[in-house]
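# Remarks on the overall topology
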Amino acid sequence: IIYLDTVLDDNLKELGLLRGTIRFIQSQRKDAKLNPGKNIDIKIDANKNIKKIIKNNLSEIKENCFIKNIEFVDNLDGGSFDLNGNKIKIMIAR
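Residues numbered from 1 in each chain as written. Predicted model: local features only at pLDDT ≥ 70, side-chain atom pairs only at ≥ 80, totals over all residues. Heavy atoms only, no water.

### A look at the overall build of the protein
Where we set the bar: Secondary structure is summarised from DSSP: a helix means a run of H or I of at least four residues, a strand means a run of E of at least two, and numbering begins at the N terminus for each. Throughout this description, buried means an accessible area under 20% of the type-specific maximum (1.4 Å probe, protein chains only), exposed means over 50%, and partly exposed covers the range between. Throughout, a residue-residue contact means that at least one pair of heavy atoms, one from each residue, lies within 4.5 Å. To be clear on the numbers: accessible area is Shrake-Rupley with a 1.4 Å probe, and residue cover counts the displayed protein chains and nothing else. When charges are counted, Lys and Arg contribute as positive and Asp and Glu as negative, whereas His and the chain ends are disregarded. Think of each charge as sitting on NZ of Lys, CZ of Arg, CG of Asp or CD of Glu.
When you go through the protein residue by residue, the secondary structure sums to three helices and four strands. When the helices and strands of the protein are read in sequence order from the N terminus, they spell out α-β-α-α-β-β-β. By principal-axis analysis of the C-alpha atoms, the protein measures approximately 55 × 30 × 20 Å. Sorting the 94 residues of the protein into buried and exposed places 30% on the buried side. Across the protein, the fraction of contacts at a sequence separation of at least 24, relative to all contacts at a separation of at least 6, is 76%. Of the roughly 6,600 Å² that the protein leaves accessible, carbon and sulfur atoms contribute 48%. Computed over 17 positive and 13 negative side-chain charges, the inter-centroid distance for the protein is 6 Å.

### A closer look at the packing of aromatic side chains
The condition that has to hold: Ring pairs shown here join Phe, Tyr and Trp side chains whose ring centres sit within 6.5 Å, with only the six-membered ring taken for Trp; geometry is labelled stacked below 30 degrees between planes, edge-to-face above 60, and tilted in between. For a ring to carry a charge above it, either NZ of a lysine or CZ of an arginine must fall within 6 Å of the ring centroid while also lying within 35 degrees of the normal to the ring plane.
Overall, the coordinates contain one aromatic pair when judged by the stated rule. Judged by centre distance (4.8 Å) and plane angle (10°), the ring pair of Phe-24 and Phe-81 falls under stacked. Taken together, the positions of Phe-24 in helix α1 (residues 10-31) and Phe-81 in strand β3 (residues 81-83) put the pair 57 residues apart, joining distant regions of the chain. Relative accessible area serves as the criterion here: at 7%, Phe-24 is assigned to the buried category. Owing to a relative accessible area of 31%, Phe-81 belongs among the partly exposed residues under this scheme. The lysine or arginine in question, Lys-55, covers the ring of Phe-72, its NZ or CZ lying 5.3 Å from the ring centre.

### Details of the sheet that holds β3
The line we're drawing: Two strands are said to pair when DSSP picks up at least two bridges between them. Helix axes are fitted only over the stretch in contact, all axes being lines through C-alpha atoms; the angle between N-to-C directions runs from 0 to 180 degrees.
Here we have four strands laid out as an open sheet, ordered β2-β1-β4-β3, and mixed in their pairing. Whereas interior strands pair on both sides, the edge strands pair on one side only; in this sheet they are β2 (67-72) and β3. Ignoring which end each strand starts from, the neighbouring axes of this sheet average 35° apart. Strand direction decides the pairing type here: strand β1 (residues 40-46) and β2, joined by five bridges, are parallel. Looking at the pairing, Asp-41 lines up with Asn-69 of β2. Sheet strands in contact with α1 are β1, β2, β3 and β4 (86-93), and its direction is about 35° off that of β4.

### Structural notes on the pattern of salt bridges
Stated precisely, the cut-off is as follows: For this document, the term salt bridge refers to a Lys or Arg side-chain nitrogen within 4 Å of an Asp or Glu carboxyl oxygen.
Applying the stated rule across the entire model yields three salt bridges. Note that Glu-60 and Arg-19 form a salt bridge whose closest N and O atoms lie 2.9 Å from each other. Of this pair, Glu-60 sits in helix α3 (residues 58-65) while Arg-19 sits in helix α1; the two residues are 41 residues apart in sequence, bridging distant segments of the chain. For the salt bridge of Asp-74 with Lys-51, the shortest nitrogen-to-oxygen distance reads 3.8 Å. Of this pair, Asp-74 sits in the loop between β2 and β3 while Lys-51 sits in helix α2 (residues 48-56), and the two are 23 residues apart along the sequence. Exposure remark for Asp-74: the relative accessible area of 59% places this residue in the exposed category.

Limitation: the analysis is restricted to geometry and does not speak to function.
This is the structure:
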C-alpha cells in the first residue's frame, strides 16, 4: 500500500508560484521574440505575495530567465497573468 499526501503545504504552494512566475516571464520573452540567451531588464507589477517569492528566489529567476535587473513598479500597463489568484504584470526592457 502506498499513501500519498495530497495536502499542499506553504513550501509547495510557494514553489508552484515560483515556477508559474518563471513560466510567465519565459512566455513574455518568447512573445517578444528575444533570443534565448539575451539578458534583459524587466519591470514587475505584482501583489505582496508574488513580490516576496520573487525576492526570496531572485538569483534562480535571474539565472533561469536571463535577467540582469528586476524593478518592482506599481500600475504597469499591459495584460496580467493570474497565478492562483495572484496577479502579475511584466514589461521587458530591451
